[in-house]
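# Per-entry structural report
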Amino acid sequence: MFPIGKIVVVGSINMDFVYYVRNHPLPGETISSDKAELKSGGKGANQAVAAALAGGNVTLFGAVGNDPFGRDIVDGLGQYGVNTEKIVRKETTTGTAFITVNDAGENTIVIGEGANGRLSVEDLADLPGLLDPASVLLLQNEIPWSCAEYAIEAARKQGGKVYLNPAPAASVPKDIFPQIDVLVLNETEVEFFTGIRFDDDFSRVHQAADHLLQAGVKEVVVTLGDKGSFYMNRQGKVIYTSACRVNAVDTTAAGDTFIGTFIVERQRLSPLKECLLRAGAASAIAVSRAGAQESIPRADEVALFMKQLNIERQPED
Ligand code: RIB
C-alpha cells in the first residue's frame, strides 16, 4: 500500500429527518409513517465519509449550527475517520433535509440550508495549504457557489484534481466546466445541464457525456442507478458497467457513496473499470441499508461483496 494524496471536501452537513412511507405524499395529502428517524447526512459529509471508509485521507470544510445536531454529526464524522478540524460553527441551525423513502427505496428530499448557506470564503482560509498536485478537491452544490469558486481557483493554483458533483442540479457559471477534471452526475442532473433525457434509452448517455466534455470537462461519470454507470473522457475512452443487484431499502447517499469510493480507487491507480465497479458495489450496499452515512460500507465489506459476486478482478484498461 502506498501513501495516497489528501481528499479535501468542501460541502454540506445536514441532519436528515427520514420518513419511511409506502408511497410519497401527493400535493395536499397528509400521510403517516410508522418509522421516522434522524440520521446524519448532507452530500458533502456523506461523500467525505464514503471516501474515508474506502481508505482515503479526508478533510471536510463545512459549517454546522450551534446546536446539538451539529455537535452529534461532527462527532460521528470524526468516528468515521474524517478530519473535522476545519468545520466551523455558525450562530444558526444546522442544515436539515426532509426525506421521504417509499417502499421501493426511492426518496424525495427537501433541503433546509441552515448553516451550509452561511459558509463563507473566509472559512476556507486554510484550504489552499491542504492542496497540492497529489490532492483531490471534491465539491457539490449545497454550499454557496462563491465558496466552490474560491476552492476551484485555489486548486488550480496549488495543483490536484477537481471533482464536481453538481447535485442538487442548479445553475453553475458556464465557464466553470473547463476548470473541472471529473464531473460525476446522475440522470436528473444530466438532463438539467444538457437537456438530454434518457427515457430508458441509455444510448443517449454517450451523447450527453460528449456534450459535457465539449463544455470543457475532462472526464464524465454518469451514475445510472440500477442500470450501472457510464464513463467517458476527452480522449474518447468509454466504459459501461452494470449495477450489482440488491434489495433496495433506501437509495439516499447511493451517489455519494459511489463518488467517495471512486475517488479513492482512482488515487490507488486501480484500473478504471475496477474503480467504477468498486464504486458501484459500495453504492449497491448503501442502497440495501437505511440512512445516509450509516449505510455506507467500509472497504473490506465492499471487497467481500465483490468477491461473492465474483467481480473483484478486472483487466487493465
Ligand atoms: O445525497 C443525499 C443527501 O442529500 C442527504 O443525506 C441529504 O442531507 C441531502 O443533502
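Above this note sits the structure.
Reading guide: rules and limits
- Residues numbered from 1 in each chain as written.
- Predicted model: local features only at pLDDT ≥ 70, side-chain atom pairs only at ≥ 80, totals over all residues.
- Heavy atoms only, no water.
- Helix = DSSP H or I, 4+ residues; strand = E, 2+ residues; numbered from the N terminus.
- Rg over C-alpha atoms; globule rule 2.2 N^0.38 Å.
- Buried < 20%, exposed > 50% of the residue type's maximum accessible area, 1.4 Å probe, protein only.
- Contact = heavy atoms within 4.5 Å.
- Areas by Shrake-Rupley, 256 points an atom, 1.4 Å probe, with all protein chains shown as cover.
- Lys, Arg positive; Asp, Glu negative; His and termini not counted.
- Charge placed at Lys NZ, Arg CZ, Asp CG, Glu CD.
- Near = heavy atom within 4 Å.
- Polar contact = N/O pair within 3.5 Å; in protein donor to acceptor, adjacent residues only side chain to side chain.
- Phe/Tyr/Trp six-rings, centres within 6.5 Å; stacked < 30°, edge-to-face > 60°.
- Lys NZ or Arg CZ within 6 Å of the ring centre and 35° of its normal.
- Pairing = 2+ DSSP bridges.
- Axes fitted to C-alpha atoms, helices over the stretch in contact; angles between N-to-C directions.
- Core = buried A, V, L, I, M, F, W, Y, C linked by side-chain atoms within 4.5 Å.
- Salt bridge = Lys/Arg side-chain N within 4 Å of Asp/Glu carboxyl O.
- Expected span 1.5 Å × (residues − 1).
- Arc of directions from axis to C-beta.

This brings us to the overall build of the protein chain. Assigned secondary structure in the protein chain consists of nine helices and 13 strands. The C-alpha radius of gyration of the protein chain comes to 18 Å, within 12% of the 20 Å expected for a compact globule of 317 residues. Taking the principal axes of the C-alpha coordinates as reference, the protein chain spans close to 50 × 45 × 40 Å. Buried residues in the protein chain amount to 54% of all 317 residues. Contacts spanning at least 24 positions in sequence make up 68% of the contacts within the protein chain whose residues lie at least 6 apart. Accessible surface, the protein chain as shown: approximately 13,900 Å² in total, 49% of it carbon and sulfur. Considering the protein chain, the positive charge centre built from 29 side chains and the negative charge centre built from 40 side chains are found 5 Å apart.

Right, let's get into the site of the ligand. Of all residues adjacent to the ligand, which total 14 residues, the nearest are D16, G42, K43, E142 and D256. One of the side-chain N or O atoms of D16 is found 2.6 Å from an oxygen atom in the ligand. Between D256 and the ligand, the recorded distance is 2.7 Å, taken from a side-chain N or O atom to an oxygen atom. Expressed as a share of its isolated accessible area of 280 Å², the protein-covered part of the ligand is 97%.

Glancing now at the packing of aromatic side chains. Per the stated rule, a full pass over the model turns up seven aromatic pairs. Taking 6.5 Å as the distance between ring centres and 65° as the angle between the ring planes, the aromatic pair formed by Y163 and F262 counts as edge-to-face. Residue Y163 is located in strand β9 (residues 161–164), and its partner F262 is located in helix α7 (residues 254–267); the two are separated by 99 residues in the primary sequence. We classify Y163 as buried; its relative accessible area is 3%. Ring centres of F177 and F193 lie 6.0 Å apart, and the angle between their planes is 90°; this geometry places the pair in the edge-to-face category. Here the residue F177 occupies a position in the loop between β9 and β10 (182–186), and F193 occupies one in helix α5 (residues 187–194), the gap between them amounting to 16 residues. For F177, a relative accessible area of 9% corresponds to the buried category. Here the aromatic cluster, defined as three or more aromatic residues joined through ring pairs, consists of Y163, F258 and F262. Between the NZ or CZ atom of K35 and the centre of the ring of Y20, over which it lies, the distance is 4.2 Å.

For the rest of this paragraph, the subject is the sheet that holds β10. The strand order across the open sheet formed by nine strands is β5-β4-β1-β8-β9-β10-β11-β12-β13, and the pairing between neighbours is mixed. The open sheet has two free edges, formed respectively by β5 (87–90) and β13 (238–241), since each of these has just one partner strand. Pairs of neighbouring strands in the sheet enclose a mean axial angle of 15°, with direction left out of account. Taken together, the four bridges between strand β4 (residues 57–65) and β5 define a ladder with parallel strand orientation. Pairing of V64 across the sheet is with R89, part of β5. Of the strands in this sheet, β1 (6–10), β8 (136–139) and β9 are in contact with helix α4 (residues 145–158), which crosses β8 at around 165°.

Take the nonpolar core next. Grouped together as the largest cluster of nonpolar side chains are 44 residues, with contacts concentrated most on V10, L127, L137, F198 and V222. Sort the elements by how many residues they give to this core and α4 lands first, with seven residues. Look past the residues within four positions of L137 in its chain and what remains in contact with it is V8, V10, L127, L131, A151, I152, A155, K161, V162 and Y163. Ranked by size, the runner-up nonpolar core spans 39 residues in total, among them I7, V74, Y163 and V221.

So, on to the pairing of strand β7 (residues 107–112). The pairing of strand β6 (residues 95–101) with β7 spans six bridges and is antiparallel. Considered in β7, the bridge of T96 is made with G112. Hairpin connection between β6 and β7: a loop of five residues separates the two successive antiparallel strands, and G105 in this loop has a positive phi of roughly 85°.

All right, on to the pattern of salt bridges then. Within the structure shown, the criterion is met by 20 salt bridges. Note that E294 is salt-bridged to K39, the shortest N-O span being 2.8 Å. Within this pair, whereas E294 is found in the loop between α8 (272–287) and α9 (299–308), its partner K39 is found in strand β3 (residues 35–41), the two being separated by 255 residues in sequence. What emerges from the salt-bridge pattern is a single network uniting E265, R268, E274 and R278.

Three or four residues apart is the spacing at which side chains of an α-helix point the same way, because the helix has 3.6 residues per turn. The terminal C-alpha atoms of α8 lie 22 Å apart, and with 16 residues this matches the ideal 22 Å at 1.5 Å per residue to within 8%. Of all the 16 residues making up α8, 14 are buried; the element is thus mostly covered by neighbouring parts of the structure.

So, about α9. Among all positions in α9, only V302, F305 and M306 are buried. An end-on view of α9 places all buried positions within 95° of arc, on one side of the element. Looking at α9, the residues exposed on the side facing more than 90 degrees away from the buried face are K307 and Q308. Turning to α9, the residues buried within the fold contact α8. A positive backbone phi angle near 60° is found at N310, which sits one or two residues after α9.

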